[in-house]
Structure formats: C-alpha cells, structure tokens
Amino acid sequence: MEKRIAMKMLAESVLMILSLAAGSTTVAAHEHCEEVDGITSICGLHSPEDLTVTADGNVLFTQMAAGAGVSLLNVESLQVSHLYRADESQPQPGWGDPGCVASPGEDILVHGLDLSKRTDDRWQLLTTNHGGRESVEAFEFFPGESPALVWRGCIELPEELTFNDVASLPGGGFLATHQYTRGQGLWGLIKAMLGMDTGAVYRWSPGAGFQELPETAAPFPNGIVAAPDGKHFFVNSWAGGEVRKYSLEPVVLQGVAQIQGPDNASWGPDGQLLVASHRYSLTSLADGFPQEDGGPAPLRFAIVSLDPQTMEHRDILLREGAPMGAGTTAVMLGEYLYIGSYLGDRMIRVPVELLN
C-alpha cells in the first residue's frame, strides 16, 4: 500500500514539473470548444492557473506562459483582454522594494495572484513570477470600460525561495507560499510527495523584508488566502492533503481540514472558501501530460466549499474529462462558477444549478 501511494505521488510530481515546463511555451487554441453538460469553455488561453474577481464583476487571471502575463475576462461578453504589456514602466515608491528598478519585461511568467485595495484607495494586483527572476510583481489595476494594468514595482526573492501563491495584508506587505528550495525541481517535489516538509509561509513587510512564519512548514505549500480582517490566513499543503488555518499575530495553528491535493482557494460570496482539489490517480497520469494540440487535460478534480470557522467541508463539484480537467482555482460570480487550470487552453464557466 505504501509503495503504491508513493508511486502515485511521484507520478503526480512528474506531471506538475512537465506542466510548468509546458506553461513556458505558447499553445494554439484547441478546436473543441463546444458546450458540454451545460458548461461553457472560454478558449484560446494559456494555462489560466489562478483567478480573482474584480470590484466591477469581471475575472482577472494569470496565464502560465512566458510573456502572457495577466488577462481579464468580461463575464457579459466572454471576451478576453490581455492587460500586461512589456513596456518601460518605472517603479513607484510604496509598491515594492526600492531595489527593484525595472519591470520583468517579456520574460514574465506569472503564477499566483491577489487583488486588494490599498490604503490610498488604489487597486493593487500582486503576482508571483518565475520568468527572468523569482519575484512578486506589483501592478496597479484600473477597472472599468477600458481596463488597464500598469507595473509599479517588485520584490525579488532570496536565492533559495520559489513562491507559488501570494496574499496581500491590510496596511501593506503580503504572505506567500514557498513551495520548495529553488533548483531542487523534481527532487523537491518527490520529497514533498513522501511527506517531507519542503517549504513554508513567508511574510514580507516594507522595510523589514522576508520572515519565515513559525509552524507553517509543510509538504509543498500551495494556495494561500488571508481573511478579510487580516487576522487569519489559510494555506493549502498540496502534497500533505491539508488546508490549514492560522492566526497571524501571533502565528498559531487554529484548525486543519483534510482535503486531497488542495491547490488554490478563493472567498465565495457566502463567506465560504472555495478550494480546488486534485483527484487524479496514477492510472490517469498519461492523460495529463501536455497535449500536443494545446487542448485541456481530462484529469479529475473537485471544487470544495470549506467553512472557515468550523473547517467542515463538502464537494460542490466533481468533474473528469470534457470540457476541462485539472482545475486549479475557482471563483463564484453571479450565477456561475469560473474555474481555471494549469494545463491547456481554457477556463470553464459552470452554472450554479449544476453544483451539489
């Protein structure tokens, strides 16, 4: 039994490494984009790994392909606007580390993201970046009829860190998940799959820099979200199969939910956390390798509703196959659930009446 579990986790780690490599290339839109089971696909994308909802009711998302950056989905027209431009924007004070003097340019390869309103009432979008440098990039987002995104600064990571996701904190600074030591690659993932702690949560504050938070070490920390009041945060241990709740000051573990393969999380309109959960197995691994035509992987996944107070949870969606598998994140907006993936050419829109 233990050998079978180890082999399964090793296979999944290989898949994730290959998917990240695939995300660094441009893929063509897959020809099959028809509605399936009442679920709509938004195609022509490049691994839309993380999503968030804007104040005016649209969806911002990252695309894990070199240069693709950040895009916006207009939920009325289902049209996509590519917002990131590799221009000559200059850093602004208060938007990152003063030592960051230039944008990432065309090398940008974004991963996790978080949108928040600053104390000066401007919208700040933070993204983790693996292209050209390991960093957290800070953008100003302008919603409205002509949405725009302007680079404002960055925070480069110490040489051993690799961040997966980021969560803004009230008053400045952020939390981020260090998944495994930079340069370890597959070995770091194998250690995580074997239950070894490979990373932890880090806090960055202006003027103070980075601090590893105590008692947050875990096998492959993945998605992270802060509570609206900034007093608690939730972090997903992808390889450990846990969603953990912590208080921030002081950092104390408050609760744990056992959820298989938790990736990213977002706040639902009902105050529940929506957690994307990987449910694929060794036998389905071959279906998850990067598709030659850029199409989606059919890998099984679930979207889980988690009560942040009791940590009780339930599956509200379980999917496998068409129109998309390998879901990594979900956001609820109006009458639909929007789901992204780290593989393939699309996100999907699921009517709420299809949820459990």
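Here is a short report on the structure shown in this document.

Right, let's talk about the overall build of the protein chain for a bit. Of regular secondary structure, the protein chain possesses two helices and 24 strands. Out of the 356 residues belonging to the protein chain, those deemed buried represent 58%. Restricting the contact set of the protein chain to residue pairs at least 6 apart, pairs at least 24 apart contribute 52%. For the protein chain, the exposed area adds up to about 14,500 Å²; of that, 50% sits on carbon and sulfur atoms.

Counted under the stated rule, the structure contains two cavities of 30 Å³ or more. Approximately 30 Å³ is the volume attributed to the second largest cavity. If you trace the second largest cavity, you find it lined by Tyr84, Arg85, Asp87, Ser89, Phe139, Leu149, Val150 and Trp151. When its residues are assigned to classes, the lining of the second largest cavity shows five nonpolar, one polar and two charged.

A few words now on the nonpolar core. Counting residues in hydrophobic clusters, the biggest one holds 16 residues, and the most contacted among them are Leu60, Leu83, Leu125, Phe139, Phe141 and Leu149. Those elements that provide at least two residues to this core are strand S4 (70–74), strand S6 (110–117), strand S8 (135–142) and strand S9 (148–156). With residues up to four places along the chain from it excluded, the contact list for Leu60 reads Asp50, Leu51, Thr52, Thr54, Val70, Ser71, Leu72, Leu83, Leu113, Leu115, Leu125 and Phe141. In terms of nonpolar packing, the next biggest core, distinct from the first, is built from 15 residues, Leu274, Ile316, Met324 and Val350 among them.

With that settled, consider the sheet that holds strand S16 (residues 242–247). In spatial order, the strands read S14-S15-S16-S17; together these four strands make up an open sheet with antiparallel pairing. The outermost strands of the open sheet, each flanked by one partner alone, are strand S14 (221–226) and strand S17 (252–258). Pairs of neighbouring strands in the sheet enclose a mean axial angle of 20°, with direction left out of account. Across six bridges, strand S15 (residues 232–237) lies against S16 in antiparallel orientation. Paired with Ser237 across the bridge in S16 is Glu242.

Bringing the environment of Met347 into the picture now. Among the secondary structure elements, Met347 is positioned in strand S24 (residues 347–351). Under the relative-accessibility criterion, Met347 is labelled buried at 0%. For the pair formed by Met347 and His46, sequence separation is 301 residues and the distance between their alpha carbons is 9.5 Å.

On to the pairing of S6, then. Within a regular strand, side chains alternate between the sheet's two faces. Of all eight residues in S6, seven are buried, a share of seventy percent or more. In this structure, the hairpin formed by S6 and strand S7 (residues 123–129) is closed by a connection of five residues, where Asp121 is found at a positive phi of approximately 75°.

What follows covers the layout of surface pockets. Its boundaries defined by the atoms lining it, the largest pocket holds a volume of some 1,000 Å³. Counting residues per element, the lining of the largest pocket draws most heavily on S6, at five residues. Class assignment of the residues belonging to the lining of the largest pocket gives a composition of 26 nonpolar, twelve polar and six charged.

Take the sheet that holds strand S13 (residues 209–212) next. The pairing of strands in a sheet comes from backbone hydrogen bonds and takes either a parallel or an antiparallel form. Strand order in this open sheet of four strands is S10-S11-S12-S13, and the pairing throughout is antiparallel. If you trace the sheet from one side to the other, it starts and ends with strand S10 (163–168) and S13, each paired once. Put simply, the sheet's adjacent strands are angled 25° from each other on average, direction ignored. As paired strands, S10 and strand S11 (residues 174–178) are joined by four bridges and run antiparallel to one another. Paired with Val166 across the two strands is Ala176, which belongs to S11.

Before going further, it helps to spend a moment on the packing of aromatic side chains. For the coordinates displayed, the defined rule picks out ten aromatic pairs. Here the aromatic rings of Phe234 and Trp267 are separated by 5.7 Å at their centres, their planes lie at 85°, and the arrangement is edge-to-face. Separated by 33 residues along the polypeptide, Phe234 in strand S15 and Trp267 in strand S18 (residues 262–267) bring together distant segments of the chain. Taken together, the ring pairs in this structure connect Phe163, Phe174, Tyr202, Trp204 and Phe210 into an aromatic cluster. We note Arg118 situated over the ring of Trp95; from NZ or CZ to the ring centre the distance is 3.9 Å. Taking NZ or CZ as reference, Arg349 lies 3.9 Å from the ring centre of Tyr336, over its face.

Thresholds applied
- Residues numbered from 1 in each chain as written.
- Predicted model: local features only at pLDDT ≥ 70, side-chain atom pairs only at ≥ 80, totals over all residues.
- Heavy atoms only, no water.
- Helix = DSSP H or I, 4+ residues; strand = E, 2+ residues; numbered from the N terminus.
- Buried < 20%, exposed > 50% of the residue type's maximum accessible area, 1.4 Å probe, protein only.
- Contact = heavy atoms within 4.5 Å.
- Areas by Shrake-Rupley, 256 points an atom, 1.4 Å probe, with all protein chains shown as cover.
- 1 Å grid on protein atoms, 1.4 Å probe; cavity = no way out; pocket = protein on both sides within 12 Å on 5 of 7 lines; lining within 4 Å.
- Points joined across faces, edges and corners; volume = space filled by probe spheres on them.
- Nonpolar A, V, L, I, M, F, W, Y, C, P; charged D, E, K, R; others polar.
- Core = buried A, V, L, I, M, F, W, Y, C linked by side-chain atoms within 4.5 Å.
- Pairing = 2+ DSSP bridges.
- Axes fitted to C-alpha atoms, helices over the stretch in contact; angles between N-to-C directions.
- Phe/Tyr/Trp six-rings, centres within 6.5 Å; stacked < 30°, edge-to-face > 60°.
- Lys NZ or Arg CZ within 6 Å of the ring centre and 35° of its normal.

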